[in-house]
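# Architecture and fold: a report
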Amino acid sequence: MVARSTCAFTVGGDSGHIAPRSARKGREKVVGDPSDKPCKLVVCRGCCCGTKKKVPGVDHKAQLKRLSGIEDHEGRSVPVRVSKCLGICFKANVVVVQPSSKGRADGGRPVWLGDFTEDRLVDELDDWIFRGGPGAAPVPEPLQPHLTSKDAKKPKKKKLKKQLKRKRKQAEKDKKEKKAAASKGGKGDKGKAGEKGASPEKAKGGKARKAEGKKKKKK
Ligand code: FES
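Residues numbered from 1 in each chain as written. Predicted model: local features only at pLDDT ≥ 70, side-chain atom pairs only at ≥ 80, totals over all residues.

### Structural notes on the overall build of the protein chain
Applied cut-off: Strands are runs of DSSP state E lasting at least two residues, helices are runs of H or I lasting at least four, and both sets are numbered from the N terminus onward. Throughout, a pair of residues is in contact if the C-beta atoms placed from their backbones lie within 7 Å.
Each helix and strand in the protein chain was counted, giving seven helices and six strands. Moving toward the C terminus, one meets the helices and strands of the protein chain in the order β-α-β-α-β-β-α-β-α-β-α-α-α. Once local pairs closer than 6 in sequence are excluded, the contacts in the protein chain between residues at least 24 apart make up 75%.

Here you go:
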């Protein structure tokens, strides 16, 4: 069933549903305003999102099934629309959470989530929608690093290179500092000779003096 221009088909109804997290947890559901429409999800399944080639190591079918099984605090099934491509493929998988009508009236706006790959993110999303979703409850902390938008810009290679360079430099600096700290804490005369202001000559002189002292003691 085609709902909108970007929509390939709608997932929902009774088919393929697994027990929603909200039901599994045995939470109490409330009876709300019948005119209030529930949150909706737009799940991208295009050239990158949902493909093993671009996003390996994820059971995309299972993820879609789980997303399709989400219910809100009133026990309403959250409709899921599958989109072909939402235009920010470098953020695959992309999921958009649309507010309920009450959430929208309270200022909630669609929330775009990128790199949506892990199971725990589905749990967090489920919990969030159960609490009302956009406009009703703040974005859960674990979802915050995944916030994105339809205007997100793909990071330039140059920028990435610079970032890598900076990271490498920092790593080298840390290594040097660690080495310096280790040598300071070293035992024996070597460490003492390396102390601030102790020139190699002075250190040598010190050694010679110590040797002489030992000889005198023996005598
Ligand atoms: S395929 Fe998902 S944003 Fe392009």
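### Observations regarding the pairing of strand E3 (residues 80–83)
Two faces make up the sheet, and in a regular strand the side chains alternate between them. Defined as follows: The burial label depends on the number of other C-beta atoms within 10 Å of a residue's C-beta. Counts of 20 or more mean buried, 12 or fewer mean exposed, and intermediate counts mean partly exposed, with C-beta atoms placed from the backbone. Two strands make a pair as long as DSSP finds a minimum of two bridges between them. Seen with the strands pointing away from the viewer, any crossover whose path from the first strand over the helix to the second strand runs clockwise is right-handed.
Residues Val80 and Val82 line one face of E3 and the alternating positions Arg81 and Ser83 line the opposite face, and both faces are buried. Pairing of strand E2 (residues 40–44) with E3, which is carried by four bridges, proceeds in the parallel orientation. Its bridge partner lying in E3, Val43 is registered against Val82. In this fold, the crossover linking E2 to E3 by way of helix H2 (residues 60–68) has right-handed handedness.

### Focus: the nonpolar core
Using the following cut-off: As used throughout, a nonpolar core is a set of buried Ala, Val, Leu, Ile, Met, Phe, Trp, Tyr and Cys residues joined through C-beta atoms within 7 Å of each other.
Counting residues in each nonpolar core, the largest one holds 29 residues, and the members touching the most others are Val43, Val94, Val95, Val97 and Leu113. Elements that contribute at least two residues to this core include exactly E2, E3, strand E4 (95–98), strand E5 (111–113) and helix H4 (119–130). By residue number, the principal contributor to this core is H4, which donates six residues. Those residues within four positions of Leu113 in sequence are excluded, and the remaining contacts are Val94, Val95, Val97, Leu143, His146, Leu147 and Thr148.

### Observations concerning H2
Stated formally: Comment: arc refers to directions from the helix axis out to C-beta atoms.
Within H2, the full set of buried residues consists of Gln63, Leu64 and Ser68. Axial view of H2: buried residues confined to an arc of 135°, hence all on one face.

### Section: the environment of Leu86
Checked against the element boundaries, Leu86 lands in the loop between E3 and E4. C-alpha of Leu86 to C-alpha of Gly46: the two residues are 40 residues apart in sequence and 8.1 Å apart in space. Those residues in contact with Leu86 that sit more than four places away from it in its chain are Cys44, Val94, Val96 and Lys150.

### Section: the confidence of the model for the protein chain
Basically, it comes down to this: pLDDT runs from 0 to 100 and stands for how confident the predictor is about each residue.
On average, residues of the protein chain carry a pLDDT of 79, and 68% of them reach 70 or more. Scored below 50 in pLDDT, residues 1–18 shows 31 contacts in the model against residues more than four places distant or in partner chains. Scored below 50 in pLDDT, residues 187–204 shows nine contacts in the model against residues more than four places distant or in partner chains.

### Thoughts on H4
This is how the line gets drawn: Under the convention used throughout, the expected extent of a helix is 1.5 Å for every residue step, that is, one less than its residue count.
Here H4 spans 17 Å end to end across 12 residues, near enough to the 16 Å set by a 1.5 Å rise per residue. For H4, every residue scored as buried is listed here: Leu121, Val122, Glu124, Leu125, Asp126, Trp128, Ile129 and Phe130.

### A few points about the pairing of E4
Here E4 shows two buried faces, one formed by Val95 and Val97 and the other by Val96 and Gln98. Pairing geometry for E2 and E4, over four bridges, is antiparallel. Pairing of Val43 across the sheet is with Val95, part of E4. Strand direction decides the pairing type here: E4 and E5, joined by three bridges, are antiparallel. Residue pairing in the sheet places Val96 in a bridge with Trp112 of E5.

### Section: the environment of Ile129
Within the secondary structure layout, Ile129 lies in helix H4. Other than its neighbours up to four places away in sequence, Ile129 contacts Cys39, Ile70, Asp72 and Val78.

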